[in-house]
Every structure is written in structure tokens, then in C-alpha cells.
Amino acid sequence: GLALSCAAWAQGYPTKAITLVVPFAAGGPTDVVARTLGAAMTKTLGQSVIVENKTGAGGTIAAAYTARANPDGYTFLIHHNGMATAPVLYRKLNYKPLSDFEYVSQVIDVPMTLVGRKDLPAKDFKELMAYAKANSDKINLAHAGLGAVSHLCGVLLRQAMGVSMTTVPYQGTGPAMNALLAGQVDLLCDQTTSTTPHIKAGSIKLYGVTTASRLKTLPDTPTLAEQGLKDFQVVVWHGIYAPKGTPKEAVDKFGAALKTALKDPVVVQRLAELGAIVPSDAKLTPAGLQTWLQQETARYEPVIKAAGQFAD
Ligand code: MLT
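Here the structure is a predicted model, which means the values were calculated and not measured.

### Considerations on the overall build of the chain
Broken down by element type, the chain carries eleven helices and nine strands. In summary, the chain has a C-alpha radius of gyration of 20 Å against a globular reference of 20 Å for 312 residues, a match within 12%. Along the first, second and third principal axes, the C-alpha set of the chain runs to 75 × 40 × 30 Å. Expressed as a percentage of the 312 residues in the chain, the buried residues total 46%. Taking contacts inside the chain between residues at least 6 apart in sequence as the whole, the part at least 24 apart equals 78%.

### A look at the site of the ligand
Neighbouring residues of the ligand: 14 residues in total, closest F24, G28, A148, S150 and G172. Put simply, the parts of the chain that give the shell around the ligand at least two residues each are α2 (29–45), α6 (149–161) and α7 (173–181). Ranked by residue count, the leading element in the shell around the ligand is α2, at three residues. Taken together, the residues of the shell around the ligand sort by class into six nonpolar, seven polar and one charged.

### Examining unusual backbone geometry
Here the bond from Y13 into P14 is cis, since omega is -5°, no more than 30 degrees from zero. Note that P14 resides in the loop between α1 (2–12) and β1 (18–22). Although it is not a glycine, A57 sits at a positive phi angle of roughly 50°. Examined against the element boundaries, A57 turns out to sit in the loop between β2 (49–53) and α3 (60–68). The phi dihedral of D231 is positive, around 60°, even though this residue is not glycine. With respect to the secondary-structure elements, D231 resides in the loop between β8 (204–209) and β9 (235–243).

### With respect to the packing of helix α4 (residues 82–89) against helix α11 (residues 286–307)
Two elements in contact, α4 and α11, have axes separated by 8 Å at closest approach and are oriented at 45°. Compared by their axis directions, α4 and α11 come out oblique. The way α4 lies across α11 gives a crossing that is right-handed. Across the interface between the two elements, M83, A84, T85, P87, V88 and L89 from α4 touch L293, E296, T297, Y300, E301, I304 and K305 from α11. In the contact of α4 with α11, the residues fall into eight nonpolar, two polar and three charged.

### What to know about the pairing of strand β3 (residues 75–79)
β3 sits mainly inside the fold: five of its five residues count as buried. Residues T75, L77 and H79 line one face of β3 and the alternating positions F76 and I78 line the opposite face, and both faces are buried. Summarising the sheet, β1 and β3 pair through three bridges and their orientation is parallel. Looking at the pairing, T19 lines up with T75 of β3. Inspection of the sheet shows β3 paired to β9 by three bridges, in the antiparallel sense. Note that in β9 the partner of L77 across the bridge is Y241.

What counts, and at which threshold
- Numbers given to residues run from 1 along each chain, matching the order in which its sequence is written.
- With the structure being a predicted model, the display of local features is reserved for residues of pLDDT at least 70 and the display and counting of side-chain atom pairs for 80 or more, all residues being used for whole-chain, interface and lining totals.
- Secondary structure follows DSSP: runs of H or I at least 4 residues long count as helices, runs of E at least 2 residues long count as strands, and numbering of each begins at the N terminus.
- Radius of gyration here is computed from C-alpha atoms only, and the compact-globule reference equals 2.2 Å multiplied by the residue count raised to the power 0.38.
- Note on burial: count the other C-beta atoms lying within 10 Å of the residue's C-beta; 20 or more is buried, 12 or fewer is exposed, in between is partly exposed, and C-beta positions come from the backbone.
- Residues are treated as contacting if the C-beta atoms built from their backbones sit within 7 Å of each other.
- By convention here, the C-beta atom is placed from the backbone, and a residue is near a molecule or strand when that atom is within 6 Å of it.
- Polarity classes work like this: nonpolar for Ala, Val, Leu, Ile, Met, Phe, Trp, Tyr, Cys and Pro, charged for Asp, Glu, Lys and Arg, and polar for all others, with Gly in that last group.
- With axes taken as lines fitted to C-alpha atoms, and helix axes fitted only over the stretch in contact, angles between N-to-C directions fall between 0 and 180 degrees.
- Working rule for angles: under 35 degrees goes down as roughly parallel, over 145 as roughly antiparallel, 65 to 115 as roughly perpendicular, anything else as oblique.
- Left-handed is the label given to a crossing in which the near helix is rotated counterclockwise from the far helix by less than a right angle, and right-handed is the label when the rotation is clockwise.
- At least two DSSP bridges between two strands are required for those strands to pair.

Have a look at this one:
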């Protein structure tokens, strides 16, 4: 019967490589998290977890692609806050974040940092504020498109600083970081999973962290809130999604492998060095992701409407 064939299917799963779709460019923060976890999950699942970078439109192309993919247990998506912000940012979004997916698990929380090109004249945030005000016509901020957290952070930052800046879009903060390292853009708000090695190497300037309190990995760096941007806080959270109708057995098995990977000492140490935080066990469940996505969608709606930035 059906139950038996489902059980037999589940026992064999996975019998081939699984695709993990990443909505942004290779070498960027989402890609770093996906590849770190994918490598560890490959060991548990006995089949490769292959990262596929499907870039464009601030992550919405990858989400739409996943919503329409075969729900056979061989396509998953990792996405961040962009899953909650896209419905307000995009008037014609062609998928429904709150109903077109199976929700697997939350994954990892990542703080952001405000960084600048190495030769930017401002040496700290106070000087940056003065410099940005005096040069608002020429200072620019790189980001990864509407729906990217680098873009969201930039919107909130310009609002809080009271300065306008030119923005420069990329297909991910991987390429945006390369532009910053090459001195082609001035500022970038990016995740610690991407910025930490460059900060430690001294190849970029660091102006502050976006969390409510200081980070263990960058203890001497003040938060932006401490430096005058009252209540400024952006934390990146991630979720794993599958196309709606993906068998529960596949969702459960992928979720269990993810949980094992998040407890693997090598993975834990690597992610901790990059400033990332493993969420509580309650969040590492389908309900943990679904409820959070609903809350975040409601929370961001007025924020984005107030900022008044939309795409068609
Ligand atoms: C990336 O992986 O490039 C980032 O997550 C993009 C972003 O949202 O800023």
C-alpha cells in the first residue's frame, strides 16, 4: 500500500546527490554557511549535498526556482531574512514565502558589520558620520540587491545616520567585498561570516557591529547602537526550505543531518570563529522556522513600507 511504499522510499532516501540552492554569489556569506554545512551533511547522508548558486533579484530568483522545483526531496534552499522582506519589497513576487514551501529548520544566526575600504579617510564611526554628511553626493554603499540583508542594513543605516548615499548593487556580497577590497566602493554592511577574515587581515576598515551587544570575536569593536544609532540592530537568520509537497521523510532526514552538522565540533568551531551563532534546538525544527518566518514577515512590513523602497 501507500504507507509501505512511502516507508520503502524513505529507507532508500537519498539515493543520489541533493542540491542546496544558494540565492547569492559563490564566496559570499550565505555560500560559506551552505558549503560548510553541506560538506558535513554529506557525511551523514551518504550522498553529496551540492551547492548551486542561483543569483539575482536579491534572492527572489532562487526562492521562485525552489518553489517550482520537483518536490522529490532532492532540492532544498537556504535563505535568510530576505524570505520575510521580499513580499513587501517586490510588488509582483511570483511565489508565496508563507505557503509555497515545506519548512525544514532554522540554521544559523549571523551578526553584521559596517566596513569600509581600507583607504577611506574616516578612521572610526564618528569620523565616518562627519565624512558621510560632508560627502553625501559621492560616498557609496555596496549591497546585494533588494531582498539582500546588506541592502536592508543599508536602508536602516542611512535612515539612522540621516544621510543619503549612492548604492551599488552586486549579485552577492562576495563580489561586493571584492569591489571593497579593490577600493572601487566605499562602504558595505555585511555578515561576519564574510567580513571577519578581512577585518583580521587589516584589509578593510571596521566601523561597528549591528548587534545589541559586542561580539566575542570582535570584543574591542563597539556596536553601532553604542556609537549613537539608538536601537540599531540587524541580525541575519537563516532557514532551510523545500518545495511544497516534498515528502516528510526527506524533510525529516535532511533536517536531522543539518542538526548533526550543527553539533559537529569542526563545523561549530569554524562558524564560531566567523561570529555565527547556532540557534536553540527549538528553532531547529520545521515549526521553529515557520513560526519565525511568520513573525519576521509581520515585523518587517512596516519597516520596509516606511523606508519606501520597492521593486516591480
Ligand atoms: C550573500 O551571500 O551574498 C549575502 O547573504 C547577500 C546579502 O543578503 O547581503
